[in-house]
Amino acid sequence: MVKLTMIARVTDGLPLVEGLDDGRDVPDADFYKQQVKQLFKNLSQRHNGDSRMSVETGPYVFHYIIEGHVCYLTMCDRSYPKKLAFQYLEDLRNEFERLNGSQVETAARPYAFIKFDTFIQKTKKLYQDTRTQRNISKLNDELYEVHQIMTRNVQEVLGVGEKLDHVSQMSSRLTSESRIYADKAKDLNRQALIRKWAPVAVVLGVVFLLLWVRKKLW
């Protein structure tokens, strides 16, 4: 069965829509929603990731498709047919693009298109029972195949993001340390100049003082 549905902007991971009644029958639903948000964050950092993928997590599987700047994701039971999951996402994509496609880039707040949940709930009901004639027909439809869509483990996928975060943190740290080093180098150069020219300045000061005193006495 379809358990969770979320739509987000890929460029920055901003959530655009979430099924309002999703996760009620899912133990630790908040845990899986956090995984989804982390996945969106990772996708925003990867410029050439797969546009369609299945990601296994515990007893469930995240299925997602990316079209343009939008990621459409659903979480289903592992036993739920992969083909139906992706056709469900395609239905959401087609309608979301028709209604909101031109507004995605200008969305400034999370869940800006929450009204789209009405369509999500209506469509989800159509896909819940895999034994309906409608869904059996979709499973037998050879026009839409999913054999080439890769399946990976959530730890493997999120681990890529963790490595990218680590690299980003190291880069920031190196930049900060470079600035500190540059400031210290300037201080050391200044101190070296002071040590080099201070005796000369003292001698010149004494000479000028003696000349001034001599002038005054004469």
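No experiment lies behind these values; they were computed from the predicted model shown.

Rules used in this analysis
Residues numbered from 1 in each chain as written. Predicted model: local features only at pLDDT ≥ 70, side-chain atom pairs only at ≥ 80, totals over all residues. Heavy atoms only, no water. Phe/Tyr/Trp six-rings, centres within 6.5 Å; stacked < 30°, edge-to-face > 60°. Helix = DSSP H or I, 4+ residues; strand = E, 2+ residues; numbered from the N terminus. Buried < 20%, exposed > 50% of the residue type's maximum accessible area, 1.4 Å probe, protein only. Salt bridge = Lys/Arg side-chain N within 4 Å of Asp/Glu carboxyl O. Pairing = 2+ DSSP bridges. Axes fitted to C-alpha atoms, helices over the stretch in contact; angles between N-to-C directions. Contact = heavy atoms within 4.5 Å. UniProt positions renumbered as here; feature names shortened; annotations may be inferred. Core = buried A, V, L, I, M, F, W, Y, C linked by side-chain atoms within 4.5 Å. Patch = residues over 30% accessible without salt bridge, like charges linked within 9 Å, V, L, I, M, F, W, Y side chains within 5 Å. Areas by Shrake-Rupley, 256 points an atom, 1.4 Å probe, with all protein chains shown as cover.

### Looking at the packing of aromatic side chains
Part 1: Taken as a whole, this structure holds seven aromatic pairs when the rule is applied.
Part 2: Between the aromatic rings of Y88 and Y127, the centroid separation amounts to 5.5 Å while the plane-to-plane angle is 65 degrees, which identifies the pairing as edge-to-face. Of the two residues, Y88 is situated in helix 2 (residues 82-100) and Y127 in helix 3 (residues 117-128); the sequence distance between them amounts to 39 residues. The pair Y88 / Y127 is uniform in exposure class, with both members buried.
Part 3: Ring centres of F96 and F113 lie 5.6 Å apart, and the angle between their planes is 90 degrees; this geometry places the pair in the edge-to-face category. Here the residue F96 occupies a position in helix 2, and F113 occupies one in the loop between helix 2 and helix 3, the gap between them amounting to 17 residues. Just as F96 is buried, F113 falls in that class too.
Part 4: Of the aromatic side chains, those joined through ring pairs into one cluster are Y72, F96, F113, F116 and F119.

### Some points on the environment of F86
Part 1: Examined against the element boundaries, F86 turns out to sit in helix 2.
Part 2: By relative accessible area, F86 is classed as buried at 0%.
Part 3: For the pair F86 and I149, spaced 63 residues apart in sequence, the C-alpha separation works out to 9.9 Å.

### Looking at the pattern of salt bridges
A pair can form between side chains of opposite charge whenever their charged atoms are brought close.
Part 1: For the coordinates displayed, the defined rule picks out eight salt bridges.
Part 2: Notably, a salt bridge pairs R93 with E90, separated by 2.9 Å at the nearest N-O pair. Placement of the pair is R93 and E90 together in helix 2, with a separation of three residues, close to one helical turn. E90 carries the same exposure label as R93, and that label is buried.
Part 3: Each of the salt bridges in this network shares a partner with another, and the network as a whole consists of R52, E67, E90, R93 and E97.

### What about unusual backbone geometry?
Outside of glycine, negative phi angles account for most residues, and trans bonds account for most peptide bonds.
Part 1: Even without glycine at this site, D28 takes up a positive phi of about 60 degrees.
Part 2: Here D28 shows up in the loop between strand 2 (15-18) and helix 1 (29-45).
Part 3: With relative accessibility at 58%, the residue D28 sits in the exposed group.
Part 4: If you check the backbone angles, Y111 has positive phi at about 60 degrees while not being a glycine.
Part 5: Mapped onto the elements, Y111 comes out in the loop between helix 2 and helix 3.

### Description of the sheet that holds strand 4 (residues 60-67)
Part 1: As summarised here, the arrangement of the six strands in space is 2-1-5-4-3-6, forming an open sheet in which the pairing is mixed. Each edge of the sheet is formed by a strand with only one pairing partner; in this case those strands are strand 2 and strand 6 (150-153). Going from strand to strand, the sheet's axes swing by 20 degrees on average, the running direction of each strand aside.
Part 2: Both strand 3 (residues 52-57) and strand 4 contribute to a ladder of six bridges, which runs antiparallel. Pairing of E56 across the sheet is with V61, part of strand 4.
Part 3: This element, helix 1, spans strand 1 (2-9), strand 2, strand 3, strand 4 and strand 5 (70-77) of the sheet and lies at about 35 degrees to strand 4.

### Points about the UniProt feature "transmembrane region" (unreviewed entry) in the protein chain
Part 1: Mapped onto this numbering, the UniProt entry gives "transmembrane region" (unreviewed entry) at residues 197-213.
Part 2: What you have in residues 197-213 is 100% helix and 0% strand, and the ends, taken at the C-alpha atoms, are 24 Å apart.

### Some points on the nonpolar core
The nonpolar side chains of a soluble globular protein tend to be buried, and buried together.
Part 1: Core analysis: the largest hydrophobic core is formed by 26 residues, its most contacted members being I7, L16, V17, F96 and F116.
Part 2: Take this core: its biggest share by element is seven residues, from helix 2.
Part 3: Of all hydrophobic cores here, the second largest spans 23 residues; its members include A29, Y32, I66 and L73.

### Here's the deal with a nonpolar patch on the surface
Part 1: Together, L193, W197, V200, V203, L204, V207, F208 and L211 give the surface a local cluster of nonpolar side chains, amounting to about 770 Å² of exposed area.
Part 2: Look at F208 and you get exposed, because its relative accessible area is 57%.

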